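Reading the structure
Read off the chains here:
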Amino acid sequence: MSLILITKENRTALITINRPDVLNCLSYQTLLELEEAVGEIRIDHSIRTVIVRGAGEKSFSAGADLKERRSLTDEQVKRNLLKMGEVLTSLEQLPQPVIAAINGFAFGGGLELALACDFRIMAAHTQIGLTETSLGIIPGAGGTQRLPRLIGASKALELIVKAKKLSAEEALSYGIVNEAVPAEKLMVTCQIWAEAITGNAPIAVQQAKFAVSNGMNTNLQTGLQIERKAYEITIPTEDRLEALHAFSEKRKPEFKGR
């Protein structure tokens, strides 16, 4: 049975972590299959957005597979940690915008997976949290770095050292998630987000993501240079000219990604 499922429809790839019997924990094999899925999507130019979810209704992902971890040597634990960090960075660096559909609780590495996505839509009934300090460890797949960049250092540290679990309403107020919706509306909401993105020029969307993601990790002046270079990539595209023609002809542009 595949631990990671991919379906592609309407220019959107849906990645499903397919381990509902163990709350979609991220075993080493699951990480390897997720890495393969991300690599496949990266080179598929027909895909303009990505949605990530967990199978079933209980869990987006409960994080590391603790049952597996109990049987691992210290070196194997380090191997798993390194692989998880690599896979989440690869997901974060996809050119296409990525939406996390948090359909159930996301704790530890599960929330770190969601934080590696560009947007997070959360079912209203569930909870999230970086709970690693309650297990004698710390977030090790980007949680101590991505969460502070999202909500600020003090708030992020508070959540991490308290191992605090947040409701959807609290996660929204902290700015961790973009929307909190009833569970039955979660996937529809994510699809609406995906459609809003895929309706725009794909090269422009990807360059906007590149400029924001890379500009945030540097000073303002360097960020402005990154933005300018990203803009210049859009100038010779057919899509830019198509948008101008469509505007003058009072019609919706048909973007080709060229």
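This report concerns the structure included in the present document.

Rules behind the numbers
- Residues numbered from 1 in each chain as written.
- Predicted model: local features only at pLDDT ≥ 70, side-chain atom pairs only at ≥ 80, totals over all residues.
- Heavy atoms only, no water.
- Pairing = 2+ DSSP bridges.
- Helix = DSSP H or I, 4+ residues; strand = E, 2+ residues; numbered from the N terminus.
- Core = buried A, V, L, I, M, F, W, Y, C linked by side-chain atoms within 4.5 Å.
- Buried < 20%, exposed > 50% of the residue type's maximum accessible area, 1.4 Å probe, protein only.
- Expected span 1.5 Å × (residues − 1).
- Contact = heavy atoms within 4.5 Å.
- Arc of directions from axis to C-beta.
- Axes fitted to C-alpha atoms, helices over the stretch in contact; angles between N-to-C directions.
- Parallel < 35°, antiparallel > 145°, perpendicular 65-115°, else oblique.
- Nonpolar A, V, L, I, M, F, W, Y, C, P; charged D, E, K, R; others polar.
- Left-handed = near helix turned anticlockwise from the far one by under 90°.
- Right-handed = clockwise from strand over helix to strand, strands pointing away.

Topic: the sheet that holds strand E6 (residues 105-107)
Spatial strand order, E4-E6-E8-E9: four strands in an open sheet with mixed pairing. Strand pairing shows two members of the sheet lacking a second neighbour, strand E4 (59-61) and strand E9 (166-167), which therefore form its edges.

Things to note about the nonpolar core
Within the largest apolar cluster, 44 residues are counted, with the highest numbers of intra-cluster contacts made by Val52, Leu91, Ile102, Ile128 and Ile176. It is helix H1 (residues 28-42) that provides the largest number of residues to this core, a total of five residues. Core analysis: the second largest hydrophobic core is formed by 11 residues, Leu14, Ala101, Ala123 and Leu186 among them.

Notes on helix H9 (residues 202-215)
Along its 14 residues, H9 runs 20 Å from first to last C-alpha, staying within 8% of the 20 Å computed at 1.5 Å per residue. Each element contacted by the buried residues of H9 is listed here: helix H3 (74-92), strand E5 (98-102), helix H8 (186-198), helix H10 (220-234) and helix H11 (238-248).

Some remarks on helix H5 (residues 143-151)
Because each turn of an α-helix spans 3.6 residues, side chains separated by three or four positions in sequence point in the same direction. By the burial criterion, the buried members of H5 are Gly143, Arg146, Leu147 and Ile151. Along the axis of H5, the buried residues cluster in a sector spanning 105°; they form a single face. Buried residues along H5 sit against H3, helix H4 (109-115), helix H6 (153-161) and helix H7 (168-174).

Side note on the packing of H9 against H10
Where H9 contacts H10, the axes come no closer than 9 Å and their chain directions differ by 170°. Of the possible angle classes, the one that applies to H9 and H10 is roughly antiparallel. Where H9 abuts H10, its residues Ile203, Ala204, Gln207, Phe210, Ala211, Asn214 and Gly215 lie against Gly223, Ile226, Glu227, Ala230, Ile233 and Thr234. Across the contact of H9 with H10, the residue classes break down as seven nonpolar, five polar and one charged.

With respect to the packing of H1 against H3
Here H1 crosses H3 at 25°, and the two axes come no closer than 10 Å. With respect to H3, the axis of H1 lies roughly parallel. Like other packed secondary-structure pairs, H1 and H3 cross with a definite hand, here left-handed. Within the contact between the two elements, H1 uses Tyr28, Leu31, Leu32, Leu34, Glu35, Val38 and Arg42 and H3 uses Arg79, Asn80, Lys83, Met84, Glu86, Val87, Ser90 and Leu91. Grouping the amino acids of the contact of H1 with H3 by side-chain chemistry returns eight nonpolar, two polar and five charged.

Overview of the environment of Thr198
With respect to the helices, strands and loops of the structure, Thr198 is situated in helix H8. Setting aside residues up to four positions removed in sequence, Thr198 forms contacts with Asn10, Arg11, Thr12, Arg48 and Thr49.

Side note on unusual backbone geometry
Phi at Arg11 is positive, roughly 65°, even though this residue is not glycine. Here Leu23, not a glycine, exhibits a phi torsion of approximately 60°, which is positive. In this fold, Leu23 is placed in the loop between strand E2 (12-17) and H1.

Here we look at the pairing of E2
Counting buried positions along E2 gives six out of six residues, so the element sits mostly inside the fold. Here E2 shows no split at all, with Thr12, Leu14 and Thr16 on one side and Ala13, Ile15 and Ile17 on the other all buried. Bridging between strand E1 (residues 4-9) and E2 involves six bridges; their strand directions are antiparallel. Residue Lys8 lies in a different strand from E2, and its bridge partner there is Ala13. Between E1 and E2, which pair antiparallel in sequence order, lie two residues; one of them, Asn10, sits at a positive phi of approximately 55°. Relative to strand E3 (residues 49-54), E2 is paired through six bridges, and the arrangement is parallel. Following the sheet pairing, Ile15 is matched in E3 by Val52. Following the chain from E2 across H1 to the adjacent parallel E3, one finds a crossover that is right-handed.

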